[in-house]
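# Fold and geometry: a report
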Amino acid sequence: MFDAPLVQKLPPVVAGLLAGAENGNAPGRVLVARGPHGAGRTTLARTVAAAAAGRTLPDGAGWTVLEVAGHRDESDLPYAALLRLIAPVRDLIADLEPAWRTALKRVLSGASPQVERLALSLALTGLMGTITARRPLLCVLDDAQSLDGPSRDAVLFAARRVPRLVVLATMPAGADPGGLPVHEIAPLTHDQCRELLAQHAPDLAREVAAAVIALAGGNPAALIDLAGALTPEQRRGYEPLPATLPATSPLRRRYRTELNSLPERTRTLLLLAAAQPPATLPALLTAATLLPAALLPATTASPPSSPSIAASAPSTASPPSSPAPTSTSTATYDKPAGPQPVDAADELAGFAAAERLGLIHIDGTDVRFTSPVVRGCTYAESPRSHRHAAHLALAEALEARGERLAALLHRAAAATGPDAALARDLAWAARTAEPGAAAEARRFAADLSPDPAARGAALLDAARSAWLAGRPHDAGLLIRRIPQAAGHARVRARGLTAEMRLPEGRPGARELLLDVAAELADSDTVTALEALALAGEAAGRPGEQGRYAGIARRVTGRQRGDEPPAVTLTFHHVAGLAAMADGDEPAAFARFRRALDVADRVIEPGPLLRAATAGILVGDGRRAAALAGRAAVLARESGATVLVPQALETAAIAGLASGEYACASTAALDGAALARATGQPILAAVHTAVLAVLAALVGDRATTLTRIESAAGGPSRSLCEWALALLDLVDGRAPAAALRLAGVVTAPPGHGSALLQVAVVPHLLEAAGQAGTNSFGLDAVATGFDRWAGRTGQPAWLALRDRCRALRATDSEAAEAHFAQALRHVGEAGFPRAHTELLYGKFLRRRRRHVEARTHLRRAAETFRLLDAEPWAEQSVRELRAAGERVDLPGTALDGLELTAQQERIAVLVAGGATNREVAQELHLSPRTVDHHLRNVFARLGVRSRTEMARMLNSP
C-alpha cells in the first residue's frame, strides 16, 4: 500500500457499480482497479470507500464498507486478510447458521486455519448476505495481489452469490486480474498535472513545470517527489533538472525493491533497454551478446510469477547518486575480445519477468517502459560501470545494424573526456536527424569539443533543435552554457531567445530581434534576414518603421541571386515588409507575390509560414491556408513540434480571412490542443480566440463567451473584441459593436494585427452605418480598405469591397449598384455572401421593394440555416415576414441535410461514447451549445437517440 496525492476522482464505472447495487439485486459486481505505483490506487480505493460511506438510500439507510490491504509477509497465512476484513462486523456472526458460525469463529480465533474452504466460503456468503439484506455492502481489497489466496477466493466466492455487494480490488500494473473486469488508472492529463503542480510547487517557472510533467509521465506521486526535490536554481530554470526521482523518494525506493527482486540477468537486460537512445528488441538482444559474462550471468533463479509489492522501506544498499554518465565521466571499461554466447530465449524470458511486474511492455520489436519514471529509476539504480558497458555494447550493436546516429549517441554517453573526432561525427549526423535526436547529438558534440567557438556553435544548434522539439526549458539551459568566447554564437543566441519568446507575446522580443539583425547585417546575412522576418510586425509599429526599413535595406542589399529557394523567399518577404514600413503598398504586394512564386520550391516549414503570411497580406487566403497546412505537415514529419501549432494558427487565420470557416475551425481546434501540449499557452489562447470569432460569426453567444473566457486576453485580446462586436451586431447593438471594432482598427500593431485590422473593416462599416455615426476616422479606414481589397484581385475581398461601398453610398442607386456588383463576383459564397444577401434584402425592403427583397432574404435564410447560424437565420426570417412572406421557408426542415464540420466533430465524439460535457471541453463549446448541435445532428441524420446515431456512424 502506497499513498499517492489525492488526484483520482470517482470513475464512472465505479459509480455505475454502486448505483447498480443500490437499484438491483444481481450479484457479481467486482472490479479490479489497476495502475503503476504512485498512480493513486490506494487513494482511489479510499475515495471509493468514502463515496460509498457518504451515500444515502431513499429509505435512509447507508452503505456498509469493509476494507483490507494486502501485505506481502502475510500472503502465505491462510485467511489472515479475511480475519481483518470481517473484524468490524464480527458481532453479526451470532445470527448465522450454526455450521457457518462455527467456521467463522474458528478463523477469527486463529485456532484452526485449516478450515474446510467450502464451509468457510459459504459462511462468508451468509455473513455478507445478512449485511446486504439491510444495506448495500462495499468490500475494498487494496493491493489484492498480496492477499492470501484463501481469503481472496472466499471473497470472490461470496461476490458471485450475494446481491447488493460490490467488490473493488486494486492491483499494480501487470498483475493478473484472473479474468475479472479491469479499470486501468490512466496517467494524469497535462492539465491535471499542471493543476497538481500549482498546488504543491506554485513557484515553478512555466518551462520547468512542463519539463517536470514530461519527466513524471503523468504519475502524480512522481510529480510531487520531483518538484519537491528541486533546488531554487532548478525551480527558476537556471540549472538542469534531475534525470529521475531523487534517491530518497518513496516511489523510487518502491521501484528499487522491485528491481532488486529480479534476477541479475533481467536487471542487466532492463539496463540495456533503459539506456538512451532506446533500441529495438533485436538490437538489445545483440547488445546482450557483447556484454562481459560478469554482467550477464546465467539464469539461476526463477523469475517472479506474479507481482509482489513490498513495503516502502529504505534499501540497505546505497543507490548511485549520479543520474547518467557524461563525457566527463571517469569510469573506464575494457570490452571483452568477442561476444559472449547468449541464448535469445533466456533473454526473452528475462524481459517477460519484468513485463509481468508491469515495468515494461513488449510490442513486436519495441520494448517500452510503462513510464519515464520506471526507465529513469532502472537506469539510475544500475552501477556506473554497468551503464558504461551497456552504452558501449549498444553502440557496437547499433553500428552493425546501420543505425549510425544512435550508435554515436551511445558512444558519446560512454566517453571519458574530450573527443573532437566524435564531436564532428555527431554534428554531421545531426544535420538530417529529427530535432529531438539532433538536440542530443549536438549537446554531446558541445561536451566533447575542446574548442570554445565550436562548443558555442554546437550549443546554439542544440538549443534550436531542443526548442523545435518542444523542449524550451532544455533550450534555455543550452543557451546559458554558450561561452563568452563563442563570438557571434552569443549574438545569434540572443536572436533565438527572442524567437522563443514571440509565441508567448513577451514584450521586447521584436526589439531584440532588430538589435540582432543590426549587429549581424554585414557579417551574417542569413541570420540577420531570419531576425528581420521574425520581427515582421515591427514594420507596422509607428516608432519602429523607419528603423526596420533601414536595417532591411542593408540586409536585402546583400542578396546575390543564387541563394537557396528558402533564403530567396525570405529576402522577398523581408523586402515586402520593408516596403510596408515605407508606406509603399504596390512594392510590398509585388515582393510578397514573388515570395509566393518561390514557395512551391521550398520544403522548410519556417519559410513556408512566411509565404503563408505573405499570402494573407495580399488577400490570397486560400493560397495562404494551403501553404500553412503544408508547413504544418512538414513540421510534424520532421519532428519540429513547436512549429505545428504556429502553422495551424496561420492556417486558421487564413481560413477566417477567406471565408473557409470549417477549415479554420479544424485548424484552430487542432492548434489549441497542440499548443497546450507543447507548452505554448499564449498561442493556445490565440487559437481559442479564433474559435471565439468563428462562434460569434454564427451567433453562438454561449460558446463565444466560453471561448473568450478561456483565451484570457494577451495577444488574443483584439480577436476577442472582434468576437464580442459580432455578438453585438447579432443582437442589434450597433453602437457598441462600432466602438469595439474601432478600437481594434486603431490599436497599436500586435499579434496578427496586419490582417485583423483589415478583416474587421466590413463589420465596422456595417455597425457604424446602423449606428448612424461617421466618427472613428471612418473615411480613412474605408478608403484604405477599398484600395487594399482592390489590389488583392481576389473575388471574396472584391465582393466585400463592393458591399462596403454600398453601405457607404450616399444615394440609393449607387448603393444598389454596389450590392449587385458584390453578388456578381464568382467564388464569393458561404457566410459572407449570405450576409451580403441579408444586407441587400434589408436595403430593398426599406425601399418597399418587397418582392425583390424576399428573393435575397430567402437565400440568406437558407444559407444561414445550412451553416447552423440560427440567430442570423432568424433575423433573415424576421425580415422576410416584414417583406410579406407568409409561408414557412421551403427546405427549412433539417432531415437529410449534410452535417456541418462542427456537427460532424460532435457526432463522432458522441458516437465514441463522450458525454455532452466532455464534448464541450474537447471542442471549447458550452454544454448548451453541444445539446443544440446534437438535436440538429439527430434531425439531419434522421435518428432519435445517441445509440442509433452511433450505430449509423460506426456501420461499415
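Here, the structure is the one placed above.
Residues numbered from 1 in each chain as written. Predicted model: local features only at pLDDT ≥ 70, side-chain atom pairs only at ≥ 80, totals over all residues. Heavy atoms only, no water.

### A short note on the overall build of the chain
- Scanning the chain from terminus to terminus reveals 47 helices and seven strands.
- In the structure as shown, the chain presents an accessible area of about 39,400 Å², 53% of it carried by carbon and sulfur atoms. (Helix = DSSP H or I, 4+ residues; strand = E, 2+ residues; numbered from the N terminus. Areas by Shrake-Rupley, 256 points an atom, 1.4 Å probe, with all protein chains shown as cover.)

### Side note on the environment of Leu 697
- Structurally, the position occupied by Leu 697 is in helix 32 (residues 681–697).
- Put simply, Leu 697 and Ala 725 are 28 residues apart on the chain and 9.9 Å apart in space, counted from C-alpha to C-alpha.
- Leu 697 has contacts with Leu 656, Tyr 661, Leu 726, His 763, Phe 831 and Trp 872, leaving out every residue within four places of it along the chain. (Contact = heavy atoms within 4.5 Å.)

### As for the packing of aromatic side chains
- Overall, the coordinates contain nine aromatic pairs when judged by the stated rule.
- Judged by centre distance (4.8 Å) and plane angle (80°), the rings of Trp 788 and Trp 797 are edge-to-face.
- The class of Trp 788 is buried, set by a relative accessible area of 8%.
- Members of the aromatic cluster, connected to one another through ring pairs, are Tyr 661, Phe 831, Phe 864 and Trp 872.
- A cation sits over an aromatic face here: Arg 431 above Trp 428, 3.5 Å from the ring centre.
- Over the ring of Phe 589 we find Arg 791; its NZ or CZ atom is 6.0 Å from the centre of that ring. (Phe/Tyr/Trp six-rings, centres within 6.5 Å; stacked < 30°, edge-to-face > 60°. Buried < 20%, exposed > 50% of the residue type's maximum accessible area, 1.4 Å probe, protein only. Lys NZ or Arg CZ within 6 Å of the ring centre and 35° of its normal.)

### Concerning the pairing of strand 3 (residues 137–142)
- Of all six residues that make up strand 3, six are buried, and the element is covered over most of its length.
- In strand 3, alternate side chains face the same way, and those of Leu 137, Cys 139 and Leu 141 on one face and Leu 138, Val 140 and Asp 142 on the other are all buried.

### Describing the sheet that holds strand 1 (residues 29–35)
- Pairing in this open sheet of five strands is parallel, and the strands run 2-3-4-1-5 from one edge to the other. The open sheet terminates on both sides in strands that have one partner only, identified here as strand 2 (64–69) and strand 5 (182–184). Strand-to-strand twist across the sheet, computed as the mean angle between neighbouring axes with direction ignored, equals 20°.
- One ladder, built from three bridges, connects strand 1 with strand 5; its direction is parallel. What sits directly across from Ala 33, in strand 5, is His 183.
- Helix 5 (residues 117–132) contacts strand 2, strand 3 and strand 4 (165–172) of the sheet and is inclined by roughly 130° relative to strand 3. (Pairing = 2+ DSSP bridges. Axes fitted to C-alpha atoms, helices over the stretch in contact; angles between N-to-C directions.)

### A short note on the pattern of salt bridges
- Under the counting rule described, the total for this entry stands at 43 salt bridges.
- Linking Asp 731 and Arg 733 is a salt bridge whose minimum nitrogen-to-oxygen distance equals 3.4 Å.
- With a shortest N-O distance of 2.3 Å, Arg 808 and Asp 779 are connected by a salt bridge. Of this pair, Arg 808 sits in helix 39 (residues 795–808) while Asp 779 sits in helix 38 (residues 778–792); the two residues are 29 residues apart in sequence, bridging distant segments of the chain.
- With relative accessibility at 45%, the residue Asp 779 sits in the partly exposed group.
- Through salt bridges with shared partners, a single network forms among Glu 440, Arg 443, Asp 447, Arg 471, Asp 474 and Arg 481. (Salt bridge = Lys/Arg side-chain N within 4 Å of Asp/Glu carboxyl O.)

### Re unusual backbone geometry
- A cis amide bond links Gln 276 with the next residue in sequence, Pro 277, at an omega value of 0°.
- In this structure, Pro 277 sits in the loop between helix 12 (264–274) and helix 13 (281–289).
- Although it is not a glycine, Arg 848 sits at a positive phi angle of roughly 60°.
- For Arg 848, a relative accessible area of 72% corresponds to the exposed category.

### Some words on the side chain of Arg 41
- Along the chain, Arg 41 turns up in helix 2 (residues 41–53).
- Among the polar contacts made by the side chain of Arg 41, one reaches the side chain of Asp 143 at a distance of 3.2 Å.
- Ignoring anything within four residues of it in the chain, the contact list for Arg 41 reads Ala 33, Arg 34, Gly 35, Pro 36, Asp 142, Asp 143, Thr 170, Met 171, Pro 172, Ile 185 and Arg 254. (Polar contact = N/O pair within 3.5 Å; in protein donor to acceptor, adjacent residues only side chain to side chain.)

### Quick look at helix 18 (residues 420–430)
- Regarding helix 18, the residues found buried are Leu 422, Ala 423, Leu 426, Ala 429 and Ala 430. Buried residues along helix 18 cover an arc of 130° about the axis, so they all sit on one side. Residues Arg 424 and Trp 428 are exposed on helix 18 and point more than 90 degrees away from its buried face.
- Against the buried residues of helix 18 lie helix 17 (404–413) and helix 19 (435–448).
- The N-terminus of helix 18 is capped by Asp 419, whose side-chain oxygen sits 3.3 Å from the backbone nitrogen of Ala 421. (Arc of directions from axis to C-beta.)

### Regarding the nonpolar core
- Within the largest apolar cluster, 186 residues are counted, with the highest numbers of intra-cluster contacts made by Leu 426, Leu 532, Trp 722, Trp 797, Phe 864 and Met 949.
- Other than its neighbours up to four places away in sequence, Leu 532 contacts Leu 514, Ala 517, Tyr 548, Ile 551, Ala 552, Val 555, Val 574 and Leu 577.
- Grouped together as the second largest cluster of nonpolar side chains are 61 residues, Cys 193, Ala 221, Ala 274 and Val 374 included. (Core = buried A, V, L, I, M, F, W, Y, C linked by side-chain atoms within 4.5 Å.)

### A short note on the pairing of strand 4
- Where burial is concerned, most of strand 4 is hidden: eight out of the eight residues are buried.
- Alternating residues of strand 4 divide into Leu 165, Val 167, Ala 169 and Met 171 and Val 166, Leu 168, Thr 170 and Pro 172, and every residue in both groups is buried.
- One ladder, built from seven bridges, connects strand 1 with strand 4; its direction is parallel. Across the sheet, the residue bridging to Arg 29 is Val 166, located in strand 4.
- Across five bridges, strand 3 lies against strand 4 in parallel orientation. Opposite Val 140, over in strand 4, you have Leu 168 as the bridge partner.

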